[in-house]
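# Breakdown of the fold
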Amino acid sequence: MLPESAAVGLIVVAAGSGRRLGADVPKAFVPLAGVSLLGHALRGALSSPGVAELVVVAPPGWTDEAAAVCRWARSQPSAASASSAASRGTVGVVPGGAERGDSVAAGLAALSPEVSIVLVHDAARCLAPATVFDRVVAAVREGATAVVPGVAVVDTIKEVDATGRVVGTPDRARLRAIQTPQGFRRDVLERAHAVSSDATDDAGLVERLGETVVVVEGDPLAFKVTTPGDLETAARILAG
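These lines cover the structure that appears in this document, whether it is placed above or below. Computed from a predicted model, the values in this text were never measured in an experiment. (Residues numbered from 1 in each chain as written. Predicted model: local features only at pLDDT ≥ 70, side-chain atom pairs only at ≥ 80, totals over all residues. Heavy atoms only, no water.)

## Quick notes on the overall build of the protein chain
Each helix and strand counted, the protein chain has 8 helices and 12 strands in total. A compact globule built from 240 residues should have a C-alpha radius of gyration of about 18 Å, and the protein chain, at 17 Å, falls within 12% of that. On the principal axes, the C-alpha backbone points of the protein chain span a range of 55 × 40 × 35 Å. The burial tally for the protein chain puts 48% of its 240 residues in the buried class. Long-range contacts, defined here as pairs at least 24 residues apart, represent 73% of the contacts in the protein chain between residues at least 6 apart. Split by element, the accessible area of the protein chain, about 11,200 Å² in all, is 53% carbon and sulfur. Within the protein chain, one finds 22 positive and 26 negative side-chain charges whose respective centroids are separated by 3 Å. (Helix = DSSP H or I, 4+ residues; strand = E, 2+ residues; numbered from the N terminus. Rg over C-alpha atoms; globule rule 2.2 N^0.38 Å. Buried < 20%, exposed > 50% of the residue type's maximum accessible area, 1.4 Å probe, protein only. Contact = heavy atoms within 4.5 Å. Areas by Shrake-Rupley, 256 points an atom, 1.4 Å probe, with all protein chains shown as cover. Lys, Arg positive; Asp, Glu negative; His and termini not counted. Charge placed at Lys NZ, Arg CZ, Asp CG, Glu CD.)

Here you go:
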């Protein structure tokens, strides 16, 4: 177990291009109900009292814009009322890399040595509630090496080969759709990235080390905004 005093650092990955959204700005800066996706993501993250440091990984050339969004998010009542150190000023912005793993590695390097628990969150999951952050942090403090939030899969899933033929039907009761933030003991995440940063999520890198990854309850609101339809769904949720 880690002590309650163990500092938590949050990396918000915001370096995506937004091509699938058909946007002329990087995805994190696409507006949603008058606020960028990054702004919504930061507002939720800064509402979690457990976060001590926050680093936003922005597209190269967009660090000033990301810093402005950070200042806005910190001014919001939900962030100002949180007891986190992140809401009091330990917020930084760094440029991302060519791939997602490179961006996470850049964010990891920017955290101070005091941080021993690291959360990695996608700005595209902009409506993830603070309760998900809290559950992930609690599980790492209780001794888990790596923790991911997940929700049950409701569709039947088919595994297919290169020709499109079905080769298997996994039991959906054993499947989870994984979200972010994902939480890690810092030393384990650094060790995983030292081996390779090539994966669709950081839990996959940790799995390659042979470490155990634990799933905690996610939230339907933590869905990923990828397409224009997703953006419309998010807008309806906020309007409702």
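## Observations concerning unusual backbone geometry
Note on backbone geometry: most residues besides glycine have negative phi, and most peptide bonds are trans. Look at the link from threonine 180 to proline 181: it is a cis peptide, with omega at 10°. Note that proline 181 resides in the loop between strand E10 (176-178) and strand E11 (182-185).

## Some details on helix H4 (residues 100-110)
Turning to H4, its buried residues number three or more, namely Gly101, Ser103, Val104, Gly107 and Leu108. One side of H4 carries all its buried residues, which in axial view fall inside an arc of 160°. In this structure, the buried side of H4 is in contact with strand E1 (7-13), strand E4 (53-58), strand E5 (91-95), strand E6 (115-122), helix H6 (186-195) and helix H7 (202-208). (Arc of directions from axis to C-beta.)

## Considering the packing of H4 against H6
Relative orientation of the contacting elements H4 and H6 amounts to 135°, with a least axis distance of 11 Å. The angle between H4 and H6 places the two elements in the oblique class. Relative to H6, H4 is oriented so that their crossing is left-handed. Across the interface between the two elements, Gly101, Val104, Ala105 and Leu108 from H4 touch Arg186, Leu189, Glu190 and His193 from H6. (Axes fitted to C-alpha atoms, helices over the stretch in contact; angles between N-to-C directions. Parallel < 35°, antiparallel > 145°, perpendicular 65-115°, else oblique. Left-handed = near helix turned anticlockwise from the far one by under 90°.)

## A few points about the pattern of salt bridges
Across all of its chains, the model carries 6 salt bridges by this definition. With a closest N to O distance of 3.4 Å, arginine 165 and aspartate 161 form a salt bridge. Arginine 191 is the salt-bridge partner of glutamate 211, the closest N and O atoms lying 2.9 Å from each other. Of this pair, glutamate 211 sits in the loop between H7 and strand E12 (213-217) while arginine 191 sits in helix H6, placing them 20 residues apart in sequence. The class of glutamate 211 is partly exposed, set by a relative accessible area of 24%. Classification of arginine 191 by relative accessible area gives partly exposed; the value is 37%. A cluster of three or more residues bridged by salt bridges with shared partners is formed by Arg100, Asp122 and Asp202. (Salt bridge = Lys/Arg side-chain N within 4 Å of Asp/Glu carboxyl O.)

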